[in-house]
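A structural walkthrough
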Amino acid sequence: SYDEGDYDGYSISDQYDFLQLIGIIFSPPKTTVLSGIQTVFPPLSWPEWDVQEYAIMIWEGWSDNNTPEILLDTFNGIVHLGSGNGLRDGGWAHISFVNKQILVEESKKYYIEIKYVGIGGIYPFDKSQYSTTNADGLSFYRGNIDQACTEFENGDWNIRAILSGKNCDDIENMEIWPGDTD
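Residues numbered from 1 in each chain as written. Predicted model: local features only at pLDDT ≥ 70, side-chain atom pairs only at ≥ 80, totals over all residues. Heavy atoms only, no water.

What to know about the packing of aromatic side chains
Note the following rule: Only rings of Phe, Tyr and Trp enter the pairing, Trp through its six-membered ring, and a pair is recorded when the two centres are within 6.5 Å. The plane angle decides the type: under 30 degrees is stacked, over 60 is edge-to-face, the rest tilted. In DSSP terms, a helix is any run of H or I states spanning at least four residues, a strand is any run of E spanning at least two, and both are numbered starting from the N terminus. Relative accessible area decides the class of each residue, using a 1.4 Å probe on protein chains only: under 20% of the type maximum gives buried, over 50% gives exposed, and in between gives partly exposed.
If you walk through the whole model with that rule in mind, you get 7 aromatic pairs. Seen from their ring centres, Trp62 and Tyr111 are 4.8 Å apart, and the 40° between their planes marks the pair as tilted. Of the two residues, Trp62 sits in strand S4 (residues 50-62) while Tyr111 sits in strand S8 (residues 110-119), which places them 49 residues apart along the sequence. Given the relative accessible area of 14%, Trp62 is considered buried. Residue Tyr111 is classed as buried on the basis of its relative accessible area, which comes to 0%.

Now the structure itself:
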């Protein structure tokens, strides 16, 4: 699902040195493939939003000092927003990792981290104060990858891990199938 640019949630600007990367911890319920993530890109009309690129890091493991342990992959992408040529102006976006074939194992901890590249990066979140649930304690931020992460207590970052579906775990000749494709 996505919001065709009508995202009205809360966000924090990356103008602060201590808030340059945001991320979430997740543990898959079974061994599967991380087929992508969903996150929110603000519309072009948001003031001071001039981000052209982003980097997504996928980490395995989480240390006791709030630091991801093993960098599995980095995905660098370009933000395509606009009102013409079939482009959406902000809202929820799905970023596919199917071609990367990232296997995530049952009950292990993984960390998805996002860094906007450009001026005016805005990190959207669900504010727990206005929700029926509290923040889950799995959202973090930091200034750079050499620092420990700090728990984000105001809510949950709008980052969703998308895991492959019911056809997953079929490995033929070491090829991992992406799951539901219909």
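Some words on the pattern of salt bridges
Test applied: What makes a salt bridge here is a side-chain nitrogen of Lys or Arg within 4 Å of a carboxyl oxygen of Asp or Glu, nothing more.
In the structure shown here, the tally under the stated rule is 4 salt bridges. We note a salt bridge from Lys100 to Asp73, for which the minimum N-O separation is 3.3 Å. On the criterion of sequence distance, the pair formed by Lys100 in the loop between strand S6 (91-96) and strand S7 (102-104) and Asp73 in strand S5 (residues 68-78) is long-range, its members being 27 residues apart. Among the charged side chains, a network of salt bridges with common partners joins Glu60, Glu105 and Lys108.

Remarks on unusual backbone geometry
In this structure, Gln101 takes a positive phi of about 50° despite not being glycine. Of note, Gln101 is situated in the loop between S6 and S7. Positioned with a positive phi, Ser107 is a non-glycine residue whose angle comes to about 70°.

Remarks on the environment of Ile58
Note the following rule: Contact definition: two residues touch when any of their heavy atoms are within 4.5 Å.
Relative to the helices and strands, Ile58 is located in strand S4. When the C-alpha atoms of Ile58 and Pro68 are compared, they prove to be 9.2 Å apart, with 10 residues separating the residues in sequence. If we ignore the near neighbours within four places in the chain, the residues touching Ile58 are Leu34, Ile70, Leu71, Leu72, Asp73, Phe97, Ile102, Tyr111 and Ile112.

Topic: the side chain of Glu113
What counts here: Nitrogen and oxygen atoms within 3.5 Å of one another constitute a polar contact, given that in protein one can donate a hydrogen and the other can accept it, and given that sequence-neighbouring residues count only through two side-chain atoms.
Take Glu113: it is sitting in strand S8. Among the polar contacts made by the side chain of Glu113, one reaches the side chain of Trp59 at a distance of 3.1 Å. Among all residues touching Glu113, those that are not within four sequence positions of it are Leu21, Ile22, Gly23, Ala55, Ile56, Met57, Trp59, Arg142, Ile145 and Cys149.

Overview of the nonpolar core
What tends to happen in soluble globular proteins is that the nonpolar side chains get buried as a cluster. Short version of the rule: The set of buried Ala, Val, Leu, Ile, Met, Phe, Trp, Tyr and Cys residues whose side-chain atoms join them within 4.5 Å is what this entry labels a nonpolar core.
In this structure, Ile37, Ile56, Ile112, Trp157 and Ile159 are the most contacted members of the largest nonpolar core, which totals 25 residues. If you list the elements that add at least two residues to this core, you get strand S2 (21-26), strand S3 (32-41), S4, S6, S7 and S8. What Ile159 contacts, discounting residues up to four positions off in sequence, is Ile22, Gly23, Ile24, Ile37, Gln38, Thr39, Ile112 and Ile114. Of all hydrophobic cores here, the second largest spans 9 residues; its members include Leu21, Met57, Tyr111 and Phe140.

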